[in-house]
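As a plain string of letters, each chain reads:
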Amino acid sequence: MPSPLPSEKALVPFVSVENMMHLVHRIGIETMLTELTDVIEADFRRWERFDKTPRVASHSREGVIELMPTSDGEIYSFKYVNGHPKNMAQGLQTVTAFGLLAEVSTGYPVLLTEMTLLTALRTAATSAMAARHLAPKGARTMAMIGNGAQAEFQALAMKAVCGIDHLRLYDIDPLATAKTARNLSGTGLTVTACTSSQSAIEGAEIITTCTADKQYATILSDNMVGAGVHINAIGGDCPGKTELHRDILLRADTFVEYPPQTRIEGEIQQMDPDYPVTEFWRVLTGQATGRREARQITLFDSVGFAIEDFSALRYVRDKLEGTGLYQELDIIADPDDPRDLFGMLQRAK
Ligand SMILES: NC(=O)c1ccc[n+]([C@@H]2O[C@H](COP(=O)([O-])OP(=O)(O)OC[C@H]3O[C@@H](n4cnc5c(N)ncnc54)[C@H](O)[C@@H]3O)[C@@H](O)[C@H]2O)c1
């Protein structure tokens, strides 16, 4: 007898890299970045509803592999993500990811998707969310230090959400800067390629550091950073991996996602355990102050938190409806009689 078809719940929609690219273009990248910023912000506003834990990291000499779970009691998500700065020299991505969404009531998955592109999009949207509340009013120029895989996403989110129209690029590899400038031509951003981080930050109200190095680096030193800027530090996101000189942190007001994770992974790992930080969600809910005055240096010490992936996964699930941009994967064994798992196997002979 042929085995019965799996039930609807057993078939899990899977979004491949190819389909994710089609989805991004169908929505429009700047629209998607803006909408992602809004859905992440909406979830940050209900921060207390979520299960939170620092991500589970497996470190090696070459990099790190991490699992990032969370749940709001109705939906559960996790992301698998790596960070391998040396991969690029071998023609591989520094960061790759995939993720899953499941319903809490049954534990059945409802979405499996690539998340390498989605991580770049959600990281950029998270940066823009923080910058729209912390950056100086009317900021138009951003310095972008580190012009790798994340760079264009960061630039376009800051353009779409915060109104940045001028970008000053710097990377130790001029080919990376040329690639980013080329990719951003025709987007409406005025792009200036610079030959040092010092010159890149001239006149910039927002400074994004997005470099990859598996060691403490000093992308910005204290004397380089003037009053009134907003620093969006993306690349310091692992123990032993930071981008800013600690003296900058002594002058800045620092905003973080989830302190127990950021104290391990962020720029603040260089500081004493009682170094003061503000949880960014508290700014959104009015429990803490963001930018107080024009001369203040604000720092968003971004490491990437599971709730951002949760928001991005739910957004993709909503946007998929009616698009056909997925395949159905038979990944859940689901016998007609739930107790007859073995019988199902036997009948498949
Ligand atoms: N905070 C988050 O949520 C989050 C999310 C994704 C990635 N990241 C991190 O962002 C960083 C960038 O990721 P990516 O995918 O763009 O990596 P990538 O390897 O594609 O690009 C990194 C770029 O940094 C440049 N670089 C290295 N050292 C530099 C220096 N001293 N000065 C200037 N440029 C330098 C490299 O030449 C390269 O072009 C990584 O460290 C990654 O772990 C953070």
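Residues numbered from 1 in each chain as written. Predicted model: local features only at pLDDT ≥ 70, side-chain atom pairs only at ≥ 80, totals over all residues. Heavy atoms only, no water.

Novice: So what exactly am I meant to see when it comes to the environment of Ile-268 here?
Specialist: Its location among the elements puts Ile-268 in the loop between helix 8 (259-265) and strand 13 (278-279). You can call Ile-268 buried: its relative accessible area is 1%. With 26 residues separating them in the primary sequence, Ile-268 and Thr-242 have C-alpha atoms 8.7 Å apart. Each residue touching Ile-268, except ones within four places of it in the same chain, is listed here: Leu-249, Thr-254, Val-256, Thr-262, Arg-263, Tyr-275, Val-277 and Asp-301. (Helix = DSSP H or I, 4+ residues; strand = E, 2+ residues; numbered from the N terminus. Buried < 20%, exposed > 50% of the residue type's maximum accessible area, 1.4 Å probe, protein only. Contact = heavy atoms within 4.5 Å.)

Novice: Can you help me understand the site of the ligand in this one?
Specialist: In the neighbourhood of the ligand, 25 residues make up the surrounding shell, with Thr-94, Gln-150, Asp-171, Thr-211 and Lys-241 lying closest. Take Ala-149: an N or O atom from its main chain is 2.9 Å from an oxygen atom of the ligand. In the complex, the protein chains occlude 91% of the 860 Å² of accessible area that the ligand would expose alone. Taken together, the residues of the shell around the ligand break down into twelve nonpolar, nine polar and four charged. (Near = heavy atom within 4 Å. Polar contact = N/O pair within 3.5 Å; in protein donor to acceptor, adjacent residues only side chain to side chain. Areas by Shrake-Rupley, 256 points an atom, 1.4 Å probe, with all protein chains shown as cover. Nonpolar A, V, L, I, M, F, W, Y, C, P; charged D, E, K, R; others polar.)

Novice: When you look at the nonpolar core in this model, what are you seeing that I'm missing?
Specialist: Across soluble globular proteins, nonpolar side chains have a tendency to be buried as a group. With 66 residues, the main nonpolar core has Met-32, Phe-44, Leu-118, Leu-121, Ile-206, Phe-280 and Val-316 as its most contacted residues. In contact with Val-316, other than residues within four places in its own chain, are Val-15, Met-20, Leu-23, Leu-111 and Leu-118. If you look at the next biggest cluster of nonpolar residues, it comprises 26 residues, including Tyr-170, Ala-204, Leu-220 and Val-229. (Core = buried A, V, L, I, M, F, W, Y, C linked by side-chain atoms within 4.5 Å.)

Novice: Teacher, can you tell me more about the sheet that holds strand 3 (residues 64-71) here?
Specialist: A sheet is described by the order of its strands in space; here seven strands give the open sequence 2-3-4-5-6-1-15, paired in mixed fashion. The sheet terminates laterally at strand 2 (56-59) and strand 15 (327-330), the two strands that pair on one side only. The mean angle between the axes of side-by-side strands here comes to 20°, regardless of whether they run parallel or antiparallel. Across two bridges, strand 1 (residues 11-15) lies against strand 6 (residues 109-114) in parallel orientation. (Pairing = 2+ DSSP bridges. Axes fitted to C-alpha atoms, helices over the stretch in contact; angles between N-to-C directions.)

Novice: Is there a simple way to think about helix 5 (residues 174-184) in this case?
Specialist: Three or four residues apart is the spacing at which side chains of an α-helix point the same way, because the helix has 3.6 residues per turn. Taken together, the buried positions of helix 5 are Ala-176, Thr-177, Thr-180 and Leu-184. Viewed end-on, helix 5 has its buried residues packed into an arc of 100°, placing them on one side of the element. Residues of helix 5 that are exposed and angled more than 90 degrees away from the buried face: Pro-174, Leu-175 and Arg-182. Packing partners of the buried residues in helix 5 comprise helix 4 (151-162), strand 8 (166-170) and strand 9 (190-193). The backbone nitrogen of Leu-175 has a side-chain oxygen 2.9 Å away, supplied by the residue at the start of helix 5, namely Asp-173. Phi turns positive one or two residues past the end of helix 5, at Gly-186, with a value near 85°. (Arc of directions from axis to C-beta.)

Novice: I keep staring at the state of the cysteines and nothing clicks. Help me out?
Specialist: One way to say it: the disulfide is the covalent bond shared by the sulfur atoms of two cysteines. Tallied over the full model, the rule gives zero disulfides. Not part of a disulfide, Cys-162 finds its nearest cysteine sulfur in Cys-210, a span of 15 Å. Cys-210 supplies the cysteine sulfur nearest to Cys-194, a cysteine that is in no disulfide, at a spacing of 16 Å. Note on Cys-194: relative accessible area 10%, which makes it buried. (Disulfide = S-S within 2.5 Å.)

Novice: Any chance you could explain the pairing of strand 14 (residues 297-301) here in plain terms?
Specialist: Note on strand geometry: in a regular strand, side chains alternate between the two faces of the sheet. Strand 14 sits mainly inside the fold: five of its five residues count as buried. Here strand 14 shows no split at all, with Ile-297, Leu-299 and Asp-301 on one side and Thr-298 and Phe-300 on the other all buried. Two strands pair when backbone bridges link them, and strand 11 (residues 230-233) and strand 14 are joined in this way by four bridges, in the parallel orientation. When the sheet's bridge partners are listed, His-230 is paired in strand 14 with Thr-298. The sheet contact formed by strand 12 (residues 252-256) and strand 14 spans four bridges and is parallel. What sits directly across from Asp-253, in strand 14, is Thr-298.

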